[in-house]
Amino acid sequence: MTFTLPDLPYAYDALEPHIDAQTMEIHHSKHHQGYVNKLNAALEGTDYAEKSIEELLQSIDILPENIRTAVKNNGGGHRNHSFFRKIMSPEKTEPSEEFKKVIAGSFGGMDAFKKTFADVAAGVFGSGWAWVIKKHDDLEIVTTPNQNNPLMNGDRAVLGIDVWEHAYYLKHQNKRPDYIESFWNLINRDQVEENFTSKF
Ligand code: MN
């Protein structure tokens, strides 16, 4: 099996003005493609090329040392960016009443959730991600460095934001909180809820 770059589910300019088309194009066609290419190169000729990306990341600690770092960085990068594209949408969607109850139970309410998530994402030092993961039937906010994915810690993400500078610098420069605020307008609530209820 060879990993391939998934098409975006929308045009490069579909998330304007929140995320600009140039950032979207470079992020997809250069950064994400780069992770896919390097992942395939690392796995070429090994038995691990037959595994799913989820299986690879969940077993990252027991992968052979000669491919472990490459899979962590590039397999993580591939999985993170595939996830990130689907978690955003140009369509305005609203959370269901049922999911609002999950958010209320975990964070006290939507406003508190939004503030905590934004604060945690803004506070990631250097390059990394902020995630909302499912723990039992509740939600928790965690961060990962570099291209690490919660699957590497046995967790499952329902929402995540890329806070590498490449995700926002062209439009937002050093103002990461502005980018996080923009991202909030793009969250595909239907996809979040699907992630909460499905296996992956
Ligand atoms: Mn990225």
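Residues numbered from 1 in each chain as written. Predicted model: local features only at pLDDT ≥ 70, side-chain atom pairs only at ≥ 80, totals over all residues. Heavy atoms only, no water.

**Examining the environment of aspartate 155**
Along the polypeptide, aspartate 155 turns up in the loop between strand 2 (138-145) and strand 3 (156-162). Sequence-wise, aspartate 155 and lysine 135 are 20 residues apart; in three dimensions their C-alpha atoms are separated by 7.6 Å. Beyond its immediate stretch of four places on either side in the chain, aspartate 155 contacts Ile133, Lys135 and Pro150. (Helix = DSSP H or I, 4+ residues; strand = E, 2+ residues; numbered from the N terminus. Contact = heavy atoms within 4.5 Å.)

**Remarks on the environment of valine 102**
Locating valine 102 in the fold gives a position in helix 4 (residues 97-107). Judged by its relative accessible area of 17%, valine 102 falls in the buried class. Once the C-alpha coordinates of valine 102 and aspartate 20 are considered, the two residues, 82 residues apart in sequence, prove to be 32 Å apart. Once you skip the residues sitting within four places of it in the chain, valine 102 turns out to touch Asp137, Leu139 and Phe196. (Buried < 20%, exposed > 50% of the residue type's maximum accessible area, 1.4 Å probe, protein only.)

**Looking at the domain arrangement of the protein**
Annotation of the protein at the domain level lists domain 1 (21-86) and domain 2 (97-197). Between the C-alpha centres of domain 1 and domain 2 the distance comes to 20 Å. Between domain 1 and domain 2, the residue contacts involve 20 residues of the former and 23 residues of the latter. Buried area between domain 1 and domain 2, both sides added, is near 1,800 Å², and the carbon and sulfur share of it is 62%. (Domains from an automatic or database assignment. Buried area = accessible area lost by both parts, 1.4 Å probe.)

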